[in-house]
Every structure is written in structure tokens, then in C-alpha cells.
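# Tertiary structure, described
This is what each chain is made of:
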Amino acid sequence: MKTPGKRYLRLLVLLPHRDKRRELEAWSAKLFAGGFEGAWSFPHVCPLAILSRPFSRDERKETARRFREIVPAGDKFHSGPVEVLNLAEGLNIFGPEMTSDLSDSPEKMKDALNMKPGAGKILRIVPRFILGCGLAGKEFFTDGKAIPGLPSLHFRAAALANMRVEPLEGEFSFRWEIGELSWLPSPQRSAGSRKGEDSSREKR
């Protein structure tokens, strides 16, 4: 992975509720057992934007509020077909594309990121919202292997967080750190956060 003047990448990411991430983790485990080497090399989060600096708590909270307005409590996020997303040179993640009940929600989510006070920290909004399940190698999807057992996810509960990704030695060797979670408001509240989840995670 190459980024100007630094070896790490800062991201704003969306995390489904832990129960849904466990379903993605189970799928990654099956893929790894089936020979997909990069299936444990990226956390089960959805990158939204590449950042120059982390979002503050207030900036994350405001973005979470805007996301809830775009995808109301009565609607859900869904997992779509598997796609590959290039985040940076040498960093290609794969996983199901995130959709919602609203056909234009991806564009509205991009607008919500741009309309924020923290928009000046955004270097690039990703072109597609992919629920990361691992890293795609050079021969991903080209060696004739089928992609078995893709879970069908439907969820309302989700959170935003800052994430830092740092490459180590080897094609699939990365370290990451996920910061404090800012939950999308619940149906009964217009703002606030939920508790009860780990606020960070790091893996080699």
C-alpha cells in the first residue's frame, strides 16, 4: 500500500452490529479454509472515506445523525453481491456491497459526508460501499474458484468509527486500529450513542 508521505491510511468506516459482523467473520473463516489467503487480512467494516485526519466525536455523531435521516429506522441496510474495492495501491478489499431499501441511498450517504463540518478532512469518498471480508490478491476471482456461502445480511443498527490501516511485510499482512464507535441514533432518539461494544481492535 502506498500513500503520499506515510505508510498508513486513515479511514472513516461503518460497522454493522456485532451480531452481523459475526456472520461475516464466519464467512471469512470458510473462505480462508477454502484457500482465500486474504480472508482474515481486513476487519469486517465498510470504508466510507479516506481521511487526512480522524473525525472528532462531534463530527462522527453528526454524520451518524445524517445517515439515520437517509436510511430511516423503518428501513434497513442489506448485503448485496460481492465486489472488489481499491482503497489504495496494494490494498484491495472484497466483500458484499452495502445497499439499503432506498435505491438512491449510496449517493445520499456521499452527500451527507460532504455536507459535514468534517468534510475538509475527507481526501476521497469511496466509489462503492463494500462490507470488508478480506483482501483480494492479484488472482482473486480469476482462478476459477466459486465464492461459496455468501451470507444475506439485513440490519438497522450500525456505528461509525475512525480506522487506521498500516501495511506490514507480505501481501496480506496489515495492522489496523478501530477507534471509538458512534452509533446511528435509535428509532426513539434523534441523537445519542449505544454502549456495550469494544471501542477498538487491532490485528496483524
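Per chain, the residues get numbers from 1 upward, laid out in the order the sequence is written. A pLDDT threshold of at least 70 governs which residues receive local features in this predicted model, and a stricter bar of 80 or more applies before side-chain atom pairs are shown or counted, although totals over entire chains, interfaces and linings include all residues. Working from all heavy atoms in the structure, the side-chain values ignore hydrogens and water.

### Observations regarding the overall build of the chain
Cut-off, in case you're wondering: Numbered from the N terminus, helices here are DSSP runs of H or I no shorter than four residues, and strands are runs of E no shorter than two. Using a 1.4 Å probe on the protein chains alone, a residue whose accessible area is under 20% of its type maximum counts as buried, one over 50% counts as exposed, and one in between counts as partly exposed. Here, residues are in contact when the closest pair of their heavy atoms is within 4.5 Å. All accessible areas in this document rest on Shrake-Rupley with a 1.4 Å probe, and a residue is counted as covered only by the protein chains that are shown.
Looking only at helices and strands, the chain has three helices and eleven strands in total. Across the chain, helices and strands are ordered from the amino to the carboxyl terminus as β-α-β-α-β-β-α-β-β-β-β-β-β-β. Going through the 204 residues of the chain one by one, you find that 49% of them count as buried. A fraction of 77% describes how many contacts in the chain between residues 6 or more apart in sequence connect residues 24 or more apart. Within the structure as shown, the chain displays about 9800 Å² of accessible surface, and the carbon and sulfur contribution to it stands at 48%.

### Observations concerning the sheet that holds strand E3 (residues 77-88)
Picture the strands of a sheet paired through backbone hydrogen bonds; they go either parallel or antiparallel. Going by this rule: A pair of strands is treated as paired once DSSP finds two or more bridges between them. Axis lines are fitted through C-alpha atoms, for helices just across the contact stretch, and the angle between N-to-C directions can take any value from 0 to 180 degrees.
Spatially, four strands are ordered E6-E4-E3-E7 in an open sheet, and the strand pairing comes out antiparallel. In the strand order of this sheet, the two ends are held by strand E6 (134-135) and strand E7 (154-155), each with one partner. Alignment of E3 against strand E4 (residues 91-100), held across nine bridges, turns out to be antiparallel. Note on E4: the bridge partner recorded for glutamate 83 is glycine 95. In the packing of helix H1 (residues 18-33) onto the sheet, the strands contacted are E3, E4 and E7, and the crossing angle to E4 comes to about 135°.

### Focus on helix H3 (residues 105-114)
Just so we agree on the cut-off: Picture the helix axis, draw a direction to every C-beta atom, and the arc is the one those directions span.
Those residues of H3 that fall on the buried side of the exposure criterion are Ser105, Met109, Lys110, Ala112 and Leu113. Looking straight down H3, one finds that the buried residues subtend no more than 155° of arc, so they occupy a single side. Elements in contact with the buried residues of H3: strand E1 (9-16), strand E2 (46-51), helix H2 (57-70), E3, E4 and strand E5 (122-125).

### Observations concerning the packing of H2 against H3
Inclusion rule: Note on angle classes: values under 35 degrees are labelled roughly parallel, values over 145 roughly antiparallel, values of 65 to 115 roughly perpendicular, and the remainder oblique. Left-handed describes a crossing whose near helix is turned anticlockwise from the far helix through less than a right angle; right-handed describes the clockwise counterpart.
For the pair H2 and H3, the least separation of the axes is 10 Å and the interaxial angle reads 155°. In terms of axis orientation, H2 runs roughly antiparallel to H3. Once H2 is placed against H3, the crossing between them reads as right-handed. Contact residues: Thr63, Arg66, Phe67 and Ile70 in H2; Ser105, Lys108, Met109, Ala112 and Leu113 in H3.

### Some details on the environment of alanine 26
Along the chain, the position of alanine 26 falls in helix H1. Sequence-wise, alanine 26 and cysteine 133 are 107 residues apart; in three dimensions their C-alpha atoms are separated by 9.9 Å.

### Digging into the nonpolar core
So the rule is basically this: We call a set of buried Ala, Val, Leu, Ile, Met, Phe, Trp, Tyr and Cys residues a nonpolar core when their side-chain atoms join them within 4.5 Å.
In terms of nonpolar packing, the biggest core is built from 58 residues, with Leu11, Leu14, Phe42, Leu48, Leu87, Met98 and Met163 touching the most fellow members. Setting aside its immediate chain neighbours within four residues, phenylalanine 42 contacts Leu11, Pro47, Leu87, Ile93, Gly132, Cys133, Gly134, Leu135, Met163, Val165 and Trp176.

### Here we look at the pairing of strand E8 (residues 158-167)
Most of E8 sits inside the fold, with eight of its ten residues counted as buried. Sheet topology note: the E1/E8 ladder contains eight bridges and is antiparallel. Bridged to leucine 15 within E8 is alanine 159. Direction of pairing for E8 relative to strand E10 (residues 182-183): antiparallel, over a ladder of two bridges. Counted as the bridge partner of leucine 160 is serine 182 from E10. Direction of pairing for E8 relative to strand E9 (residues 174-178): antiparallel, over a ladder of five bridges. By the bridge assignment, glutamate 166 is partnered in E9 with arginine 175.

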